[in-house]
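# Summary of the model geometry
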Amino acid sequence: MTAPESQQNAVPRPATTFDDLPLHVTLRQGVREMGYHEPTPIQEGAIPTAVLGRDIIGTAQTGTGKTAAFLLPILERLLDRPRGPIYALVLTPTRELALQAEGFLKKLGRHTRLRGAAVYGGVGMGDQERALRGGAEIVIATPGRLLDHMQRGYVDFRSLRILILDEADRMLDMGFLPDVRRILSRIPRDRQTMLFSATMPPEIVRLSQEFLKDPRIIRVDPTTVAAAGVTHRAYVVSPDRKTDLLIELLRDREMSSVLVFVRTKHRADRLARQLEQRGINASVIHGDRSQSQRVRALEGFRAGHSRLLVATDIAARGVDVEGVSHVVNYDVPREPETYIHRVGRTARAQRRGDAVTLVSREELDEFARVERLLGSEIPRAETPEGMGPGPTQSYQRSTPPSRGIYRGPSAPRLGGNRPHGVGRRPRRY
Ligand code: AMP
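Residues numbered from 1 in each chain as written. Predicted model: local features only at pLDDT ≥ 70, side-chain atom pairs only at ≥ 80, totals over all residues. Heavy atoms only, no water.

### Focus: the overall build of the protein chain
Counting its regular elements, the protein chain contains 16 helices and 14 strands. In the protein chain, which comprises 429 residues, the share counted as buried stands at 57%. Across the protein chain, contacts joining residues at least 24 apart in sequence account for 78% of those joining residues at least 6 apart. Only carbon and sulfur atoms are counted for the fraction: they give 48% of the accessible area of the protein chain, which is about 18500 Å². (Helix = DSSP H or I, 4+ residues; strand = E, 2+ residues; numbered from the N terminus. Buried < 20%, exposed > 50% of the residue type's maximum accessible area, 1.4 Å probe, protein only. Contact = heavy atoms within 4.5 Å. Areas by Shrake-Rupley, 256 points an atom, 1.4 Å probe, with all protein chains shown as cover.)

### Quick word on the sheet that holds strand β10 (residues 258–262)
Sheets are built from strands that pair by backbone hydrogen bonding, the pairs being arranged parallel or antiparallel. With respect to topology, six strands assemble into an open sheet ordered β9-β14-β13-β10-β12-β11, the strand pairing being parallel. Edge positions in the open sheet fall to β9 (230–236) and β11 (282–285), since each of these has one partner strand only. Neighbour to neighbour, the strand axes of the sheet diverge by 20 degrees on average, direction disregarded. Two strands pair when backbone bridges link them, and β10 and strand β13 (residues 326–329) are joined in this way by four bridges, in the parallel orientation. Counted as the bridge partner of L259 is V327 from β13. The sheet strands contacting helix α12 (residues 265–277) are β10, β11 and β12 (308–312), and the helix crosses β12 at an angle near 160 degrees. (Pairing = 2+ DSSP bridges. Axes fitted to C-alpha atoms, helices over the stretch in contact; angles between N-to-C directions.)

### What about the pattern of salt bridges?
Under the criterion given, the structure shown has 26 salt bridges. Salt-bridge contacts for E167 lead to K66; the nearest nitrogen and oxygen are separated by 3.1 Å. Taken as a pair, E167 in the loop between β6 (162–165) and α7 (168–173) and K66 in helix α3 (residues 66–78) lie far apart in primary sequence, 101 residues in all. Across the pair, K66 and E167 agree in class, each one buried. Between D331 and K242 there is a salt bridge whose closest N-O contact spans 3.5 Å. (Salt bridge = Lys/Arg side-chain N within 4 Å of Asp/Glu carboxyl O.)

### Here's the deal with the pairing of strand β4 (residues 116–119)
Relative to strand β5 (residues 138–141), β4 runs parallel, the two being bridged by four bridges. Paired with V119 across the strands is A141, a residue of β5. Each parallel crossover has a hand, and the one from β4 via helix α5 (residues 126–132) to β5 is right-handed. (Right-handed = clockwise from strand over helix to strand, strands pointing away.)

### Re the packing of α3 against helix α4 (residues 95–108)
Look at α3 against α4: their axes get within 10 Å of each other, and the N-to-C directions meet at 50 degrees. With respect to α4, the element α3 is oriented oblique. Between α3 and α4 the crossing geometry is right-handed. Each of T67, A68, L71, L72 and L75 in α3 lies in contact with α4, whose residues at this interface are Q100, A101, F104, L105 and L108. In terms of residue class, the contact of α3 with α4 is made up of eight nonpolar, two polar and no charged. (Parallel < 35°, antiparallel > 145°, perpendicular 65-115°, else oblique. Left-handed = near helix turned anticlockwise from the far one by under 90°. Nonpolar A, V, L, I, M, F, W, Y, C, P; charged D, E, K, R; others polar.)

### With respect to the packing of aromatic side chains
Applying the stated criterion across every chain, the model contains two aromatic pairs. Aromatic side chains F70 and F196 sit 5.4 Å apart centroid to centroid with 50 degrees between the ring planes, which places their arrangement in the tilted category. Highlighted residues: F70 in helix α3 and F196 in strand β7 (residues 192–196), separated in sequence by 126 residues. Both residues of the pair, F70 and F196, belong to the buried class. Of note, K242 hangs over the ring of Y330, and the distance from its end group to the ring centre comes to 5.8 Å. (Phe/Tyr/Trp six-rings, centres within 6.5 Å; stacked < 30°, edge-to-face > 60°. Lys NZ or Arg CZ within 6 Å of the ring centre and 35° of its normal.)

### Quick notes on helix α2 (residues 41–50)
With nine of ten residues buried, α2 is to be regarded as a mostly interior element. Along α2, the residues classified as buried are P41, I42, Q43, E44, G45, A46, I47, T49 and A50. As for α2, its buried residues are in contact with β2 (56–59), α3, β7 and β8 (216–219).

### Overview of the nonpolar core
L72, I74, L108 and I138 are the most contacted members of the largest nonpolar core, which has 40 residues in total. Among the elements of the structure, α1 (25–33), α2, α3, β3 (88–91), α4, β5, β6 and β7 are those that each provide at least two residues to this core. With eight residues, α3 is the largest single contributor of residues to this core. Counting 32 residues, the second largest nonpolar core, distinct from the first, contains L91, A141, F211 and I217. (Core = buried A, V, L, I, M, F, W, Y, C linked by side-chain atoms within 4.5 Å.)

### Quick word on the confidence of the model for the protein chain
Interpreting fine coordinate detail is not advised for predicted regions of low pLDDT. Across the protein chain, pLDDT averages 83, with 83% of residues at or above 70. Scored below 50 in pLDDT, residues 1–14 makes 36 contacts in the model with residues more than four places away or belonging to other chains. Overall, residues 392–429 carries pLDDT values under 50, and its contacts beyond four positions in sequence, including any with other chains, amount to 76 contacts. (pLDDT = per-residue confidence, 0-100.)

### Description of the environment of Q293
Within the element layout of this structure, Q293 appears in helix α13 (residues 291–302). Here the alpha-carbon distance between Q293 and S283, two residues ten residues apart in the chain, equals 9.6 Å.

### A few points about helix α9 (residues 202–211)
The complete set of buried residues in α9 reads I204, V205, L207, S208 and F211. With its buried residues spanning 160 degrees around the axis, α9 presents them on a single face. Residues of α9 that are buried in the fold lie against β2, β6, α7, α8 (177–184) and β7. (Arc of directions from axis to C-beta.)

Shown next as structure tokens:
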């Protein structure tokens with residue numbers, strides 16, 4: 001970033017309550033009814049600045065409470081406006097995120113007269129068109145579907161004063177930046193812009209330099225987030241025994257609500273089939289599932305009908321499920337940052353949770369990159385007899401791993417003599 005160091009605020013743990021934040025009493029009531037007691041670090045950092053109308057870059061991922069960190073200032077700033085035109089636009093990468101933000105908006109803003117509309121693909125245009133034509137002051141949209149509406153000529157952004165770019169790095173990963181730029185070229189320049197992104201790849205830095213004015217940068221350190229309340233462990237396992245190991249792990253009744261991450265849609269379906277054959281009910285969400293299938297899967301998981309939700313990373317973005325006891329990385333993510341996103345789904349908003357990773361020998365390099373990002377080794381748990389990666393033991397450490405506790409971000413960095421895949425361009429998916 002080009003912003004001076006003094007503008008970069010590493011946000012400490014919250015010392016304030018919502019009563020200390022500059023929010024109208026009706027919004028504080030909404031917050032209370034959501035069951036939030038104290039602001040999360042990103043909320044404490046962003047809200048006081050955002051209500052003043054200043055641009056913000058928030059580096060924070062799902063699970064940090066970032067949605068309320070931008071929705072509350074939007075509501076606060078729009079409270080006294082007349083009803084009708086679109087004042088605020090939130091661009092977000094997936095329909096799940098759009099729906100989730102709209103759900104939060106309804107709850108947080110229920111004592112206001114402000115209305116929101118979610119605009120996303122995969123469903124009919126009619127209701128969305130009606131909302132855009134004059135029903136909603138706050139529009140939460142995925143870029144492609146919003147452009148479809150804009151091309152039809154009835155979206156009037158002349159009153160727009162606030163723009164949020166949510167999960168900007170994910171929008172980049174999903175190839176949405178050209179659409180985002182097209183939308184940005186057609187909305188008023190005189191506005192407040194807030195950009196939230198877990199990471200700041202060069203394209204996002206460029207975007208922020210182009211479209212934000214003197215932003216305040218609010219950083220929630222990902223390693224701190226990953227460390228807070230999450231216990232990490234890993235099993236080195238033969239790739240064709242991963243399902244057996246997962247089933248073995250599920251004997252632990254503490255694994256009551258398990259989010260299982262796999263790399264591809266195909267692997268998600270295959271795992272769900274294998275589990276079903278063994279009598280274990282699992283819900284599945286991935287990009288090829290229809291909206292109604294996804295909703296059903298999520299509802300089944302939320303209601304506790306299935307103990308497992310098998311998901312690909314993109315499909316799981318923004319999916320809001322309370323009380324996930326364990327995140328299982330059935331596959332090591334290709335990008336280390338994704339690990340942080342995934343484990344952020346357990347121990348949400350400062351609760352406790354467990355992250356378990358099944359690592360095949362082929363994935364050890366990628367897993368080492370995750371450990372480098374966290375700045376700490378993840379303890380290896382003992383793999384049950386016969387499920388290990390085979391006779392070649394080259395993956396073993398020269399020093400025994402620490403067990404059971406995650407040593408946190410201040411722990412010594414990993415030794416430099418292990419292969420980390422450095423210099424390899426991370427694959428996008
Ligand atoms: P987000 O990062 O916006 O996806 O939010 C993650 C989860 O944290 C959601 O389930 C929110 O309802 C919850 N959450 C947001 N803010 C707070 C808060 N201040 N206290 C407790 N939970 C919160």
